[in-house]
Amino acid sequence: MDQELATRLDFDIFVHEFVKPVTGEPEDVFFDNLFDSVPTNGCESAMYEAFADAINTRAVLSGSLLVATHSPHDNRDATENKAGCGMYSAGSSAVIDRRTDWSTIEVTVECETGYEDDPDALDVVVEEVASYPILSRSRKGLIAQITTTSSLVSKYQLVTHHFTILLLGEYARVAMSDRAGIIYSSQVNYKANPAKLGRVLWCLSHASPEARGHDPSAVRIHRDSPEYDAMVAWKTKILPVDDHAREVFVETLREDYPWYKLTVGCEDGPRDFLVAKPTYVAPELIGRGTHGFVAYNVGDSKRPFVYLKDCWRVVHGPSKQEGEILAYLNSKGVRYIPTLLCHGDVPGQETVAHKIWQRVNASPDKRLIKTNQHYRLVVNEVGKPIYEFSNGKQLVKLITECMFAHKEAYDKAKVIHRDISAGNLLMVPVGKTTKGGTIYRGLLTHWELSKRIDERNLKPRNPDRAGTWQYMSVNALNLPSKEIDVADDLESFLYVLIWCAIRYLPHNCPDVGHFMYYFFDDSETTNYQEYSCGLLKRLAVEAGYLLTSMQKRVVFLREPPRIAVSTAAAPHESAFVAAATPTLDNEPSTPPSTPPAHAPSSALVYSSASSLDIPEKDQHPVHLIVTELLQRFMMYYKLQANTGKHVKPVVIAEDVDELYGLDAAVRFDTGTDEGEAASFSHEMIPAHERGNITKAVNTHRAFGELLMSFPNNKMVGWPENDRLADQLDPAYRPDKEDKTREKRPRHEDKPANSDSKPFRSDTSKT
């Protein structure tokens, strides 16, 4: 959370802005001595209990109660975070269980007894580095506390904003958070002036649900409603086997999550969709706040299930709705992308924190905070994440098809995606093989950051650089103002391949979490204001192959190592233990009729220390692809360094060929177009010819030829059951304080910030 996005207002001004008067407000005398029994030091649990008792005994609230829930956390929340106290409706389970319930909490109350001597802690700025304010540890902690609780409310509820009350000893502050930032009040002594805080709680309780942050276009579905019955009926309906969309929808019908009827304001009038547990939730408060749902399309028997995206899109300059972009791409016949059903802004729902920030921070030296507009998009396709691929061969095919969508958008519509990431590549079931297996095709989604080529010289749509930090090219990371071009997005496709392979395919990397942090999340900074490419990604394009932070080569293998050779690995590179290969539901690849040239050894015994000794026959085809592409990008960046300027992309119109079939990779023309580099052979390019391949990363053709040549080449001999269980420890957290290098978070999906560094802004991606 960027400290610039937390703005202070005088308490009375805050109340005037956000806590609207309600008819029948009591006189100040009603609140006299309200908080006399609340302790201001010692045990925080006693403070929560006394504060809740004081409000409930005086009957300050209407239809709600303050409940102290400082001990048990919400059972659904893996982070085990809890609200110390909260306002709940009288019918909430939290009232009976005294357990935090993020899906029904109305106002969060947090107490801190360690601030008796530092009530101004939230206002302290220690110093400025390059005009960038560095926060005190105490202020960062308080902002993080507000951010964490508000994020969890936004995870389990569809809200426009949320209120938090902070009790710091005998002082109180009130905060309002939305998708653009946090606005908090100056402190007030609630013991000496109980009416000020008491009236805030009275007004919030008596106000309309919308005033407390409830979205009127998201109506909760209850058990006794016809919508509930219609949704539950799908559990027992007999439908064709392998109905993926229906299966996922039924899985989301969790009784411990709120269900909603969402209204989408389409061009032909509003349409209602029924949703339950989201399939995806952006974990951070500030940003687009995307929720993804498999939705019941009410009234459409032919396509009952669709994908609904609920988000807060950035409004900046010539920004366009994603639905507008998809409609244009669909009209141009671009394949392997979602098919638009309907879309629209939610009327009257725009963030307000940006307006307060702009009013308080009028200095021209400050960057503008982003404005977010609530928006919904519905598309026909319901896909799976690409990391659910069955084997390495299928993974390469899916990425190739998504790259083909990128090519068609560029050629047919003159649109470049600019946000290639693992989360934006899906796999969609499209048919069956002759043996009954499921055929999947790639789907390139999330086009909201895309841009027409002829708009490149216009004012940027977004004040931040475009893309998802983990997958951005080295050039895009090091040159924030650089326009994203074809080479950047193609490099991002390579990083998606590496991301999937390092987690789910065999290799000799001893510590997946450590590698992923330093390759994907790491960054470098000198002034806490500008961030550039981290360690391992930079080393990869400099060396032309993958390295660990100990500069040992990473090799993808045809099967897992049986035994780790090295027993004296670095602490973060402990001995590698092979994961068990799961049974795959999908039909395996057909093996070649004769043993391939790359048949693996009967037992692989490799550690990262012996990577240079691994023979090619034991290397996975994905390793050959990754290495070849890294070699090409290495030469590309060397040419850039030698010329002292960015290598411009080759802009051409490339013909589009037919597909082989539903389960085949894309076929690329092998001719040579004027202005384009000659096509490269499907064989690995000899080292002495690599001076020519710098142009290869600028065109879809050469990049695609390399990808498609492997799945279609029977001599490669793809392993059939090479997918492993996820090799990233689920308990691994890249934001722990023992990290010595600053992390640049990815847009929408970044972890919490470490206390050792200042807060920074969202990287804008999605």
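About the cut-offs
Residues numbered from 1 in each chain as written. Predicted model: local features only at pLDDT ≥ 70, side-chain atom pairs only at ≥ 80, totals over all residues. Heavy atoms only, no water. Helix = DSSP H or I, 4+ residues; strand = E, 2+ residues; numbered from the N terminus. Contact = heavy atoms within 4.5 Å. Areas by Shrake-Rupley, 256 points an atom, 1.4 Å probe, with all protein chains shown as cover. Buried < 20%, exposed > 50% of the residue type's maximum accessible area, 1.4 Å probe, protein only. Polar contact = N/O pair within 3.5 Å; in protein donor to acceptor, adjacent residues only side chain to side chain. Pairing = 2+ DSSP bridges. Axes fitted to C-alpha atoms, helices over the stretch in contact; angles between N-to-C directions. Phe/Tyr/Trp six-rings, centres within 6.5 Å; stacked < 30°, edge-to-face > 60°.

Caption draft 1: A look at the overall build of the protein chain. Looking only at helices and strands, the protein chain features 16 helices and 25 strands. The contacts in the protein chain between residues at least 6 apart in sequence include a share of 70% that link residues at least 24 apart. Within the structure as shown, the protein chain displays about 30,300 Å² of accessible surface, and the carbon and sulfur contribution to it stands at 51%.

Caption draft 2: Looking closely at the environment of Asp178. Locating Asp178 in the fold gives a position in strand 8 (residues 171-178). Judged by relative accessible area, which is 3%, Asp178 ranks as buried. Sequence-wise, Asp178 and Thr351 are 173 residues apart; in three dimensions their C-alpha atoms are separated by 6.3 Å. With residues up to four places along the chain from it excluded, the contact list for Asp178 reads Thr160, His161, Leu285, Ile286, Thr351, Val352 and Ala353. Within polar-contact distance, the side chain of Asp178 engages the backbone nitrogen of Val352 at 2.8 Å. Separated by 3.1 Å, the side chain of Asp178 and the backbone nitrogen of Ala353 make a polar contact.

Caption draft 3: Broad picture of the sheet that holds strand 22 (residues 438-444). Here three strands make up an open sheet; going across it, the order is 19-21-22 and the pairing antiparallel. The open sheet has two edge strands, strand 19 (384-385) and strand 22, and neither has a second partner. With seven bridges joining them, strand 21 (residues 425-432) and strand 22 adopt antiparallel strand pairing. What sits directly across from Leu426, in strand 22, is Leu443. Together, strand 21 and strand 22 form the strand contacts of helix 10 (residues 392-412), whose direction differs from that of strand 22 by roughly 40 degrees.

Caption draft 4: Quick peek at the packing of aromatic side chains. Evaluated as defined, the whole model comprises 24 aromatic pairs. With a centroid separation of 6.0 Å and 90 degrees between ring planes, the pair formed by Phe389 and Tyr504 is classed as edge-to-face. On the criterion of sequence distance, the pair formed by Phe389 in the loop between strand 19 and helix 10 and Tyr504 in helix 12 (residues 486-504) is long-range, its members being 115 residues apart. When sorted by exposure, Phe389 lands in the same class as Tyr504, which is buried. Between the aromatic rings of Phe633 and Tyr636, the centroid separation amounts to 6.3 Å while the plane-to-plane angle is 90 degrees, which identifies the pairing as edge-to-face. Residue Phe633 and its partner Tyr636 are both found in helix 15 (residues 621-643); the two are separated by three residues, about one turn of the helix. For Phe633, a relative accessible area of 1% gives the class buried. The class for Tyr636 is buried, based on a relative accessible area of 1%.

Caption draft 5: Expanded view of the pairing of strand 7 (residues 162-168). A large share of strand 7 lies buried, amounting to seven of its seven residues. Of the two faces of strand 7, the one holding His162, Thr164, Leu166 and Leu168 and the one holding Phe163, Ile165 and Leu167 are both buried throughout. Note that strand 7 and strand 8 share seven bridges and pair antiparallel. Within strand 8, the position partnered with Phe163 by the bridge is Met176. A loop of two residues connects strand 7 with strand 8, the two strands running antiparallel in sequence, and Gly169 in this loop sits at a positive phi of about 65 degrees.

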